[in-house]
Amino acid sequence: MLTLNKEDQIATGVQRAVYLHPHDSTKLVKVLKPAQDMPARRNFNGVMDRLFPSTRLRQVRKEYREYLRVMLQHPEPDFHAPFSHMFGFATTNIGLGCITERVSEPDGSLGATVGSLAKTGALTDDDIALLNDCISRIFRYNLRASDMNANNFVLGHRDDGSGPGPRECVLVDGFGDIHAIPVRSMAGWSNRMGLDDSCARLGRNTKLHWNGKTRQFSR
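Residues numbered from 1 in each chain as written. Predicted model: local features only at pLDDT ≥ 70, side-chain atom pairs only at ≥ 80, totals over all residues. Heavy atoms only, no water.

**Let's talk about the side chain of Asp173**
Piece 1. As for its position among the elements, Asp173 is in the loop between strand S8 (168-171) and helix H5 (188-206).
Piece 2. A polar side-chain atom of Asp173 sits 3.2 Å from a polar atom in the side chain of Arg16. (Helix = DSSP H or I, 4+ residues; strand = E, 2+ residues; numbered from the N terminus. Polar contact = N/O pair within 3.5 Å; in protein donor to acceptor, adjacent residues only side chain to side chain.)

Dropping the structure here:
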């Protein structure tokens, strides 16, 4: 069993909290929050969580299903995933944990999100180029990503055990068709329309211009 410490929590969302892995500096642990610790929401998802608690697991299932779909379609050794890799589940002292890849800076600190850099005006042209590279692979592999907000894109290096890889932008959360009506899973064209809408919204939130024809961001 993995023992997670409160001081090692690095992020928290509506459904899950994210912790540093206690033994592996290249990985993180996402833990589903207890129902009583979730914020009260009045939207559709919040109502469903209260009335049908089992739906809380839906997001996790959708995320893993999408990860498996894309990985099984691309077994080639040089496949460069635009999302963080997932390594299964582990029992922790605070609940079931999902082991996932960590994106870090060379000094070992956590990589910065596109959202945090955009908010402080620190997003560089190189960062935007890395974001565009990630977006191009999301479209190329027709990834179903339902929550492409700026804080789900992290800039930094991944380590597969052989040392840090090149600097890149990685989608660390928000993939999988979690909508009540899974329109994005119905056809490639419907998913691409959804991705275009998500990128346009991402551009507005980061003060970047989204070109729907070239599918690239610019200042």
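That covers the picture; the talk isn't over yet.
**Some remarks on the packing of aromatic side chains**
Piece 1. What the rule picks out here adds up to six aromatic pairs.
Piece 2. Both rings, one in Tyr67 and one in Phe83, keep their centres 5.5 Å apart while their planes meet at 70°; by these two values the pair is edge-to-face. On the criterion of sequence distance, the pair formed by Tyr67 in helix H2 (residues 58-73) and Phe83 in the loop between H2 and strand S4 (86-92) is long-range, its members being 16 residues apart. By the burial criterion, Tyr67 is buried, and Phe83 matches it.
Piece 3. Each member of the aromatic cluster is reached from another via a ring pair, and the members are Tyr67, Phe83 and Phe175.
Piece 4. Of note, Lys27 hangs over the ring of Phe87, and the distance from its end group to the ring centre comes to 4.8 Å.
Piece 5. Of note, Arg140 hangs over the ring of Tyr141, and the distance from its end group to the ring centre comes to 5.5 Å. (Phe/Tyr/Trp six-rings, centres within 6.5 Å; stacked < 30°, edge-to-face > 60°. Buried < 20%, exposed > 50% of the residue type's maximum accessible area, 1.4 Å probe, protein only. Lys NZ or Arg CZ within 6 Å of the ring centre and 35° of its normal.)

**Structural notes on the nonpolar core**
Piece 1. Grouped together as the largest cluster of nonpolar side chains are 35 residues, with contacts concentrated most on Ile135, Ile138, Phe153 and Phe217.
Piece 2. Counting only elements with at least two residues in this core, the list comes to H2, helix H3 (114-120), helix H4 (125-140), strand S7 (153-156), S8 and H5.
Piece 3. When sequence neighbours within four positions are dropped, the list of residues in contact with Phe153 reads Ala112, Thr113, Val114, Leu131, Cys134, Ile135, Ile138, Met148, Cys169, Val170, Leu171 and Leu202. (Core = buried A, V, L, I, M, F, W, Y, C linked by side-chain atoms within 4.5 Å. Contact = heavy atoms within 4.5 Å.)

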